Amino acid sequence: MLKKIKVGLALGGGGARGFAHIGVLKALEEADIEVSYLSGISMGAIMAAGYAHKKNLKRLEKHVLDFKYLDFVKPHKQDILMDINKITAYFDKYLGNSNFSDLQIPLQVLTTDLREMRGFVINKGKVSKAIAASSTTPYIHKPIQYDDRLLVDGGLISDVPIELVDHPDIDMIIGVKVTTKAKFDEQDNLHMSNFQKMMIAKFPPISLLWYKQINNYMKHSKKIVNNELAELRVSMIRKPLLMIEPELGNINTLSFEKAHEAIEAGYVTTVKALNTDNNILDYQRIIDRGSLHPTL
């Protein structure tokens, strides 16, 4: 009898785009693939916690589709922001005030520690506090106080925390990336003339004249660093890895009204990934012959 494939599943952040994770989980359940370990960031952490709680995907999907986004927003100067306290209370109720030790699937939540300026993994204590910390927008929302740490969104340092499910007990890792793909914009002017450089060096405040150009440069630099870090994480993974990137089109981080579309996109992409020539459902062949590939 063939053994059941055991998977470590890492769910990335992306706001409403993260509803695609439900579609991914639905496809994995239909394929009888066992999720043995979970990790998540931001919305990925919320979806992972909701599934790890009782492994009840129908209940999680119903809550997502019934979620009233406007009930959880509050004005903040010129912006409209999610009220983290209300979200924490909501998930405390949904999760039955659970601790990590109460979950049916082991879960690790990635956050960013502003004081230590590095990632911080939470896998004990109140689940709702961990997912609130991982969903806290840095420099906009007030950081979550966690012991002596100041925690915000883990998405500052990683799109998908695949390294957190690289466990000896699993057969392979599946990562789900729902952030928009970084592309080079030919319209961005990333070059500054010698005159601009000289003026900024002599009169720093004058840099405000070229704020947009400098901002584009900073964003482009961050994308390059993130891409390099992602490649490094993949190279360090010891298990076979399958990355799933649902086609989410015009669904953005605040498109909560498009939950149905996001779920369907996650499902369709995962079913397609599971039915390619070199896929997870053929993984038994890899187990039998004892050879491991870095990626599938």
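Quick caveat, the model's predicted, so the values are computed rather than measured.

Asker: Lay out the overall build of the protein chain in plain terms, naming residues and giving numbers.
Answerer: Counting its regular elements, the protein chain contains nine helices and ten strands. Relative to its 296 residues, the protein chain shows a buried fraction of 47%. Restricting the contact set of the protein chain to residue pairs at least 6 apart, pairs at least 24 apart contribute 73%. Working note: accessible area of the protein chain is about 16,200 Å², and carbon and sulfur atoms make up 54% of it.

Asker: Quick rundown of a nonpolar patch on the surface? Include the residues and the values.
Answerer: A surface patch of nonpolar side chains, about 370 Å² in accessible area, is lined by Val225, Leu229, Leu232 and Met236. Positionally, Leu232 belongs in helix α7 (residues 211-236). For Leu232, a relative accessible area of 47% puts it in the partly exposed group.

Asker: Got a sec to walk through the layout of surface pockets? Specific residues and values, please.
Answerer: In this structure, the second largest pocket encloses a volume near 330 Å³. If you trace the second largest pocket, you find 15 residues lining it, with Asp159, Lys177, Ala230, Glu231 and Met243 closest to the centre. When residues of the lining of the second largest pocket are assigned to their parent elements, the largest contribution, six residues, is made by α7. Across the lining of the second largest pocket, the residue classes break down as six nonpolar, four polar and five charged.

Asker: Go over helix α3 (residues 57-66), please, and point to the residues and values.
Answerer: All of the buried residues in α3 are Leu57, Leu60, Glu61 and Val64. The arc that holds every buried residue of α3, seen down its axis, measures 95°, which confines them to one face. Exposed side chains of α3 directed beyond 90 degrees from the buried face belong to Lys58 and Lys62. Its buried side turned inward, α3 meets α1 (20-30), α2 (43-54), α4 (84-94) and α8 (259-274).

Asker: Could you give me a rundown of the pattern of salt bridges, with the residues and numbers involved?
Answerer: A full pass over the atoms with the stated rule returns seven salt bridges. A salt bridge links Lys26 to Glu61, with the shortest nitrogen-to-oxygen separation between them at 3.3 Å. Taken as a pair, Lys26 in helix α1 and Glu61 in helix α3 lie far apart in primary sequence, 35 residues in all.

Asker: So what's going on with α4? Residues and values would help.
Answerer: If you check which residues of α4 are buried, you get Ile84, Ile87, Thr88, Phe91, Asp92 and Tyr94. Buried residues along α4 cover an arc of 160° about the axis, so they all sit on one side. Every exposed residue of α4 that faces more than 90 degrees away from the buried side is listed here: Asn85 and Lys93.

Asker: Account for the nonpolar core, with residues named and values stated.
Answerer: Among the nonpolar cores identified, the biggest contains 63 residues, and Leu9, Phe19, Leu38, Met47 and Ile131 are the most heavily contacted of them. Top contributing element to this core by residue count: α2, with eight residues. Apart from the residues lying within four places of it in its own chain, the contact partners of Leu38 are Leu9, Ala48, Tyr51, Ala52, Ile105, Pro106, Leu107, Gln108 and Val165. If you look at the next biggest cluster of nonpolar residues, it comprises nine residues, including Tyr37, Ile170, Ile237 and Leu241.

The rules behind the values
Residues numbered from 1 in each chain as written. Predicted model: local features only at pLDDT ≥ 70, side-chain atom pairs only at ≥ 80, totals over all residues. Heavy atoms only, no water. Helix = DSSP H or I, 4+ residues; strand = E, 2+ residues; numbered from the N terminus. Buried < 20%, exposed > 50% of the residue type's maximum accessible area, 1.4 Å probe, protein only. Contact = heavy atoms within 4.5 Å. Areas by Shrake-Rupley, 256 points an atom, 1.4 Å probe, with all protein chains shown as cover. Patch = residues over 30% accessible without salt bridge, like charges linked within 9 Å, V, L, I, M, F, W, Y side chains within 5 Å. Salt bridge = Lys/Arg side-chain N within 4 Å of Asp/Glu carboxyl O. 1 Å grid on protein atoms, 1.4 Å probe; cavity = no way out; pocket = protein on both sides within 12 Å on 5 of 7 lines; lining within 4 Å. Points joined across faces, edges and corners; volume = space filled by probe spheres on them. Nonpolar A, V, L, I, M, F, W, Y, C, P; charged D, E, K, R; others polar. Arc of directions from axis to C-beta. Core = buried A, V, L, I, M, F, W, Y, C linked by side-chain atoms within 4.5 Å.

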